[in-house]
Amino acid sequence: MSIWRRINKAAFVFLDRLLPAYNHCRWGNRLKNVFAKNAFVYVGNGVNWGKRLNIESDFRIGDNSGVGDFARISSGVTIDNDVMIGKHLRILTVNHKTDRTDIPMRTQGFEEVSPLHIANDVWICDNVIITPGCCNIGNGAIIAAGAVVTKDVEPYSVVGGNPARVIRFRK
């Protein structure tokens, strides 16, 4: 990561801790966007940022999307346009290796990053956990509050539960 990107990421994190969330301070959100555009791989126009975010630098987010308070987003995540994300989201894209039994799991390292693509017009409610088994969330999907998503989500489906299952389709 370049020194310029690190400086912008540090400024984004500082402003994230200092300024209120987008729904309380529009000018603060605009200021966060200035630094976010240089801190992350891609940041679209009109992105709304919550408070106390923990986002890796190889993050991409499209136009008019928003990330809720206290979100933790790991490496390899791409979010398209018009995506709404609630508070306390956890996206995990890496897991520990556990194949060998002759050595402790903590010394086996990590699996490769499992990239996640969140398509357009998706609503992810509060307290959702998305695990490395999920690689794609389709257009127009809704993920209910408290869901644990372990596999791909079909377009226009409403999923919920632990593990998340299809409740119904929007069409």
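In case you missed it, the structure is sitting above this.
Every value quoted in this text rests on a predicted model; they were computed, and no experiment measured them.

1. A few points about the packing of aromatic side chains
- For the coordinates displayed, the defined rule picks out five aromatic pairs.
- Ring geometry for Phe12 versus Trp49: centroids 5.0 Å apart, planes at 75°, classification edge-to-face. A residue pair is termed long-range when its members are at least 10 positions apart, and Phe12 in helix 1 (residues 3-18) and Trp49 in strand 2 (residues 48-49) qualify at 37 residues.
- A network of ring pairs unites the aromatic residues Phe12, Phe40, Trp49 and Phe59 as a single cluster.

2. A short note on the pairing of strand 16 (residues 157-160)
- What you see with strand 16 is no split at all: Ser157 and Val159 on one side and Val158 and Gly160 on the other are buried throughout.
- As judged from the four bridges shared by strand 16 and strand 17 (residues 165-169), these two strands associate in the antiparallel manner. Across the sheet, the residue bridging to Val158 is Arg168, located in strand 17.
- In this antiparallel pair of consecutive strands, strand 16 and strand 17, the connection spans four residues, and Gly161 shows a positive phi of 105°.

Criteria and cut-off values
Residues numbered from 1 in each chain as written. Predicted model: local features only at pLDDT ≥ 70, side-chain atom pairs only at ≥ 80, totals over all residues. Heavy atoms only, no water. Phe/Tyr/Trp six-rings, centres within 6.5 Å; stacked < 30°, edge-to-face > 60°. Helix = DSSP H or I, 4+ residues; strand = E, 2+ residues; numbered from the N terminus. Buried < 20%, exposed > 50% of the residue type's maximum accessible area, 1.4 Å probe, protein only. Pairing = 2+ DSSP bridges.

Any functional reading would require information that these geometric values do not contain.
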